[in-house]
Amino acid sequence: MTEIPEHLLKRSKERRAAIGGEDAPGADDADDSAAVAAPTDAPSAAPAVPAPAAAAVETAPPAPKPVRPEVAAALKRRKIPFWAMPVLAGLPLWAYVYQATLEPAPTGEETPFALGEVVYGGCASCHGAGGGGGVGPALDTVLQVWPDYRDHMMWVKLGDAEWPGGTYGALAKAKGVGMPGHPSLTDVELAQVVLYERTAFGGLDPTSEEYLALVEIAEGRLTFAEAGLGELSLAAGVNPAELEAG
């Protein structure tokens, strides 16, 4: 027990004397000692305070999985702006239209004139691709040399060597120019190439009767024999059997 200081005992005794008279010193001293000593007793044990629960151990988040290189590259790649989507959607249509401008419009069927240009490819080495001449004469005067398309067809068929006489055409040009014959050409091919030469180089009117007659033969609706020989062929002595030959 803690010892009570002397001055505290004295002060307690004086206070009691002032109130009701002085008590027996032994009893008072004992009472005061007990009264004063009581508060100084060792404090009763404080109620046990439960220790705070140990903080929950934080679980570390799982380590992220490594990102594949191509995925990382895709994530870093700049995205296509939203306004570009309609442009990208229209690219196939634009490509189709652009391609269409690079090619002739489809006609569904080659024209006799276009087919004649193909046949003329075998003549271009002598007369030039543009009909301006070379080894052979230029064809810009073909309508003057052959006013009748039938004589022109026969000249292409027979050539210089098989054409009767010493001259050819309305201008009576001398033979010996080396014009080869083309007996293997059909009536259709003869009409096609003559139509091309007379129109492309000679300026034949596409609305003329001659043009339409050539188209009939070039399309197989009329034969060379049905068209007959021209005046220059008859005058030169071409055999009518040549119409059926080939």
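1. Re the overall build of the protein
1) Next: Across its full length, the protein carries 12 helices and 2 strands.
2) Next: Starting at the N terminus, the α and β elements of the protein follow one another as α-α-α-α-α-α-α-α-β-β-α-α-α-α.
3) Next: Classification of the 246 residues of the protein by burial places 26% in the buried group.
4) Next: Nonlocal contacts in the protein, meaning residues at least 24 apart in sequence, comprise 60% of its contacts between residues at least 6 apart.

2. As for helix H9 (residues 187-200)
1) Next: Here H9 spans 20 Å end to end across 14 residues, near enough to the 20 Å set by a 1.5 Å rise per residue.
2) Next: Within the span of H9, buried status applies to Leu190, Ala191, Gln192, Val193, Val194, Leu195, Tyr196, Glu197, Arg198 and Thr199.
3) Next: Summarising the contacts, the buried residues of H9 are in contact with helix H5 (112-120), helix H7 (142-145), helix H8 (149-162), helix H10 (209-218) and helix H11 (224-227).

3. Regarding the environment of Leu204
1) Next: Relative to the assigned elements, Leu204 resides in the loop between H9 and H10.
2) Next: Overall, the relative accessible area of 9% leaves Leu204 in the buried class.
3) Next: Taking the C-alpha atoms as reference points, Leu204 and Leu143, separated by 61 residues in sequence, lie 7.9 Å from one another.
4) Next: Excluding anything up to four places from it in sequence, Leu204 contacts Leu143, Arg198, Thr199, Glu210, Tyr211 and Leu214.

4. What to know about the layout of surface pockets
1) Next: Approximately 390 Å³ is the volume attributed to the largest pocket.
2) Next: Every residue lining the largest pocket is counted, 25 residues in all, and those nearest its centre are His127, Pro137, Leu139, Trp155 and Met179.
3) Next: Taken together, the residues that form the lining of the largest pocket break down as 15 nonpolar, 8 polar and 2 charged.

5. Points about the nonpolar core
1) Next: With 36 residues, the main nonpolar core has Met153, Met154, Trp163 and Leu214 as its most contacted residues.
2) Next: Breaking this core down by element, the ones donating at least two residues are H7, H8, H9, H10 and H11.
3) Next: Among residues more than four places away in sequence, those in contact with Leu214 are Tyr149, Met153, Ala191, Val194, Leu195, Arg198 and Leu204.

6. Description of the pattern of salt bridges
Side-chain pairing between opposite charges can occur once the charged atoms of the two side chains come close.
1) Next: Following the criterion strictly, the structure yields 4 salt bridges and no others.
2) Next: One salt bridge in this structure joins Glu210 and Arg198, with 2.5 Å as the shortest N-O distance. One end of the pair, Glu210, is in helix H10; the other, Arg198, is in helix H9, with 12 residues separating them in the sequence. Across the pair, Arg198 and Glu210 agree in class, each one buried.
3) Next: Among the ionic pairs, Arg221 bridges to Glu216, the shortest N-O distance being 3.6 Å.
4) Next: In the salt-bridge network here, residues are joined through shared partners; they are Glu216, Glu219 and Arg221.

7. Thoughts on unusual backbone geometry
1) Next: The backbone of Ala172 shows a phi angle near 50°, a positive value even though the residue is not glycine.
2) Next: As for its position among the elements, Ala172 is in the loop between strand E1 (167-168) and strand E2 (173-174).

8. Structural notes on the side chain of Asp151
1) Next: Inspection of the secondary structure puts Asp151 in helix H8.
2) Next: For the buried Asp151, no salt bridge exists, and the shortest N-O distance to an oppositely charged side chain is 6.2 Å, to Arg150.
3) Next: Side-chain polar atoms of Asp151 contact the side chain of Ser233, separated by 2.6 Å.

9. Regarding the confidence of the model for the protein
1) Next: Confidence in the prediction for the protein averages 81 pLDDT; 76% of positions are at 70 or higher.
2) Next: Across residues 32-40, confidence stays below pLDDT 50; counting only partners more than four residues off in sequence or on other chains, it has 15 contacts.

10. Re a nonpolar patch on the surface
1) Next: A cluster of nonpolar side chains, contributed by Ile80, Met85, Leu88, Leu91, Trp94 and Tyr98, occupies part of the molecular surface with about 630 Å² of accessible area.
2) Next: Mapped onto the elements of the fold, Tyr98 is located in helix H4 (residues 84-102).

11. Re the packing of aromatic side chains
For any two aromatic rings, the description comes down to two numbers: the centre-to-centre distance and the angle of the planes.
1) Next: Scanning all chains against the criterion turns up 9 aromatic pairs.
2) Next: Their ring planes at 50° and their centres at 5.0 Å tell us that Phe113 and Tyr196 sit as a pair that is tilted. On the criterion of sequence distance, the pair formed by Phe113 in helix H5 and Tyr196 in helix H9 is long-range, its members being 83 residues apart.
3) Next: On the basis of relative accessibility, which here comes to 26%, the residue Phe113 falls in the partly exposed class.
4) Next: Ring geometry for Trp146 versus Trp155: centroids 5.6 Å apart, planes at 35°, classification tilted. Like Trp155, Trp146 is buried.

What counts as what
Residues numbered from 1 in each chain as written. Predicted model: local features only at pLDDT ≥ 70, side-chain atom pairs only at ≥ 80, totals over all residues. Heavy atoms only, no water. Helix = DSSP H or I, 4+ residues; strand = E, 2+ residues; numbered from the N terminus. Buried < 20%, exposed > 50% of the residue type's maximum accessible area, 1.4 Å probe, protein only. Contact = heavy atoms within 4.5 Å. Expected span 1.5 Å × (residues − 1). 1 Å grid on protein atoms, 1.4 Å probe; cavity = no way out; pocket = protein on both sides within 12 Å on 5 of 7 lines; lining within 4 Å. Points joined across faces, edges and corners; volume = space filled by probe spheres on them. Nonpolar A, V, L, I, M, F, W, Y, C, P; charged D, E, K, R; others polar. Core = buried A, V, L, I, M, F, W, Y, C linked by side-chain atoms within 4.5 Å. Salt bridge = Lys/Arg side-chain N within 4 Å of Asp/Glu carboxyl O. Lys, Arg positive; Asp, Glu negative; His and termini not counted. Polar contact = N/O pair within 3.5 Å; in protein donor to acceptor, adjacent residues only side chain to side chain. pLDDT = per-residue confidence, 0-100. Patch = residues over 30% accessible without salt bridge, like charges linked within 9 Å, V, L, I, M, F, W, Y side chains within 5 Å. Areas by Shrake-Rupley, 256 points an atom, 1.4 Å probe, with all protein chains shown as cover. Phe/Tyr/Trp six-rings, centres within 6.5 Å; stacked < 30°, edge-to-face > 60°.

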